[in-house]
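Observations on the three-dimensional arrangement
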Amino acid sequence: MYEELCLYIDGEFIKGGGRREQDVMNPATGDFIGKVPHATTADLDRALAAAQRAFDAWKTVSPLEKSRVLRKVGELTRERASAIGRNITLDQGKPLAEAIGEVTRCADHCDWHAEECRRIYGRVIPPRQANVRQFVLREPVGVCAAFTPWNFPYNQAIRKIAAAIGAGCTIIIKGPEDTPSAVVAIARMFHEAGLPPGVLNVVWGVPSEVSEYLIRSPIVRKVSFTGSVAVGKQLAALAGAHMKRVTMELGGHSPVIVCADADVERAADLLSALKYSNAGQVCVSPNRFYVNDKVYDTFMARFIDRTKAIKVGSGLEPDTKMGPLAHERRLPAMAEFVADAAARGGRIELGGNRIGETGYFFAPTIITNPPDDSKVMTNEPFGPIAPCVTFKDLEEAIRRANSLPYGLSSYAFTTSTRNALAIQNGLQAGMVHINHAGGALPETPFGGIKDSGIGSEGGTETFDGYLTTKFVTQLD
Ligand code: NAD
């Protein structure tokens, strides 16, 4: 049974009831699986009023109680991971093991926020006069509006919700209409965990209409968005016009540098698994492969070999390693990247085509030697396409890696500490992974620089986005 889709406003689950509804499709089959109700303007006003009212009480609730609620949601998340994961596979397409893994790992996010929200401390600043006291208080920013995408529907939502709620804020979240089951499941668990009405509200609708309405509202004090750079810039501009703080977790075009001294075969194995996970629909997916010309042939042979072995199919089939793209609109987007690269001299070594006519499957694709200014080397493919080029020296590779306006994630493989140091100092990215692909843990920062965003949705830095600073000075 697929999730019963609904709005969640002021502690109440609200079904369609004559509202406009949007079809939800299974990307592996193209079949209809559910309808998600769009919030009316009256619903949004109700969510805003509820979040405002709830904030006045929630901000003063003991951190121990906030912690209890988050921990309970962590427990429920573990208990229900299989059922929630199955629904994510149905609406988003990723293989069941990946979907269940996404949900299970999110229980750690709940636990971590449950712990850390008890450690939001202010500080005391030594005064210049003996009879003066100086304090810095950290206070919740207020009502937050959050907008989350379809690629990790559970993970992206829980990070924002747990941080907001842990900090003492209230939140209205508009989840992804294409893949709505995870956010509804999250709302049900917070409800069961005893979260007071109005602290969390879930709405759906036409993204640009809902975001504009919420961001313009004087009730909303903070905006958090995960999605494309173009939309992030629009929302940040609107938030700026109303002087609201933002966290923007936007797209990237993560470079990979494979040095001549790397463990090349290990790099190829790891990168093939990473590149095609979630069909490449990952903001930190390795996207531009710069391989030293001395090891290029060895790397490519292994990378192609590993990638050929990826079994593409319905996420519900037990041996599937890569599912369909999450939406039909991503198919022409992939075809355009491939056509442009081929027209500009790139060689399609593997894939490059849609698979079948049913569902939105696109073959794992490897393109060699597309020019640096081709579409696939300059625009985030957000799909299963790996363009690979050669370089001669590390300085050149770092310069080419830094040549785009993005700066989210980056990867490098080397056994030399000198190279590793040059890479970590030289790469312009919010995250640098050397010889492995760790990250996206609750305790580690996650965010970009340059056009890839503002702020972090991971690590203790997360709370910075949901707290304000108040300086208090007192005489006698
Ligand atoms: P899109 O730009 O239309 O939408 C991306 C996401 O932003 C979706 O979840 C969508 O609902 C939301 N969105 C779009 N316009 C919005 C608005 N005005 N207000 C609030 N939310 C809005 O593109 P798409 O076809 O859905 O996805 C493709 C592109 O999105 C990719 O190229 C990728 O760069 C980006 N994306 C990034 C992430 C990420 O984790 N950074 C996740 C999903 C999509």
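As a starting point, this report considers the structure included with it. (Residues numbered from 1 in each chain as written. Predicted model: local features only at pLDDT ≥ 70, side-chain atom pairs only at ≥ 80, totals over all residues. Heavy atoms only, no water.)

1. Remarks on the site of the ligand
Applicable threshold: Being near a molecule or strand, for a residue, comes down to having at least one heavy atom within 4 Å of it. The term polar contact refers here to a pair of N or O atoms within 3.5 Å; inside protein, the definition further demands a hydrogen-donor-capable atom paired with an acceptor-capable atom, and it admits residues adjacent in sequence only when both atoms are side-chain atoms. Strands are runs of DSSP state E lasting at least two residues, helices are runs of H or I lasting at least four, and both sets are numbered from the N terminus onward.
Close contacts around the ligand come from 22 residues, with Trp150, Ser211, Ser228, Arg329 and Glu380 the closest. One of the side-chain N or O atoms of Arg329 is found 2.8 Å from an oxygen atom in the ligand. Within the residue set of the shell around the ligand, elements represented by two or more residues are α6 (207–216), β10 (220–226) and α7 (229–241). Element by element, the count of residues in the shell around the ligand is highest for α6, at three residues.

2. A word on the packing of helix α2 (residues 63–92) against helix α5 (residues 181–192)
When two helices pack together, their arrangement is given by the angle between the helix axes and by the axis-to-axis distance. For the record, the criterion: Interaxial angles span 0 to 180 degrees and are taken between N-to-C directions of axes, which are lines fitted to C-alpha atoms, for helices over the stretch in contact. Angles are sorted into four bins: roughly parallel if under 35 degrees, roughly antiparallel if over 145, roughly perpendicular if 65 to 115, and oblique for all others. Left-handed describes a crossing whose near helix is turned anticlockwise from the far helix through less than a right angle; right-handed describes the clockwise counterpart. Contacts between residues were defined by any pair of non-hydrogen atoms, one from each residue, lying within 4.5 Å. Residues are grouped as follows: nonpolar covers Ala, Val, Leu, Ile, Met, Phe, Trp, Tyr, Cys and Pro; charged covers Asp, Glu, Lys and Arg; every other residue, Gly included, is treated as polar.
It is the contact of α2 with α5, at a shortest axis distance of 9 Å, that shows an interaxial angle of 155 degrees. Compared by their axis directions, α2 and α5 come out roughly antiparallel. Every pair of crossing elements has a handedness; the one defined by α2 and α5 is right-handed. Where α2 approaches α5, its residues Val69, Leu70, Val73, Leu76, Thr77, Arg80, Ile84, Asn87, Ile88 and Asp91 are matched on the opposing element by Ser181, Ala182, Ala185, Met189, Phe190 and Glu192. Counted by class, the contact of α2 with α5 contains ten nonpolar, three polar and three charged residues.

3. Notes on α6
The following threshold applies: Exposure is judged per residue with a 1.4 Å probe applied to protein chains only, and the accessible area is read against the type maximum: over 50% gives exposed, under 20% gives buried, and values in between give partly exposed. Arc definition: it is the arc formed by the directions from the helix axis to the C-beta atoms.
Taken residue by residue, α6 has Val210, Ser211, Leu214 and Ile215 as its buried positions. In a view along the axis of α6, the buried residues occupy a sector of 115 degrees, so they form one face of it. Looking at the packing, one finds that the buried side of α6 touches α1 (41–58), β7 (143–147), β8 (170–174), β9 (200–203), β10 and α7.

4. Focus: the pairing of β10
Selection criterion: Between any two strands, pairing holds if DSSP finds at least two bridges. When the strands point away from the viewer and the path from the first strand over the helix to the second turns clockwise, the crossover is right-handed.
Among the seven residues that make up β10, six are buried, leaving the element largely enclosed by the rest of the structure. Relative to β10, β7 is paired through five bridges, and the arrangement is parallel. What sits directly across from Ala145, in β10, is Val223. Here β10 runs beside strand β11 (residues 245–249); their pairing, made up of five bridges, is parallel. Pairing of Thr226 across the sheet is with Glu249, part of β11. Between the parallel elements β10 and β11, the chain passes through α7 in a crossover that is right-handed.

5. What to know about the side chain of Ser254
Along the polypeptide, Ser254 turns up in the loop between β11 and β12 (255–258). On the accessibility criterion, Ser254 (1% relative accessible area) is buried. Among the polar contacts listed, one links the side chain of Ser254 to the backbone oxygen of Ser409, at a separation of 3.3 Å. Excluding residues within four positions of it along the chain, Ser254 makes contact with Cys283, Val284, Ser285, Pro286, Asn287, Arg288, Ser409, Ser410 and Tyr411.

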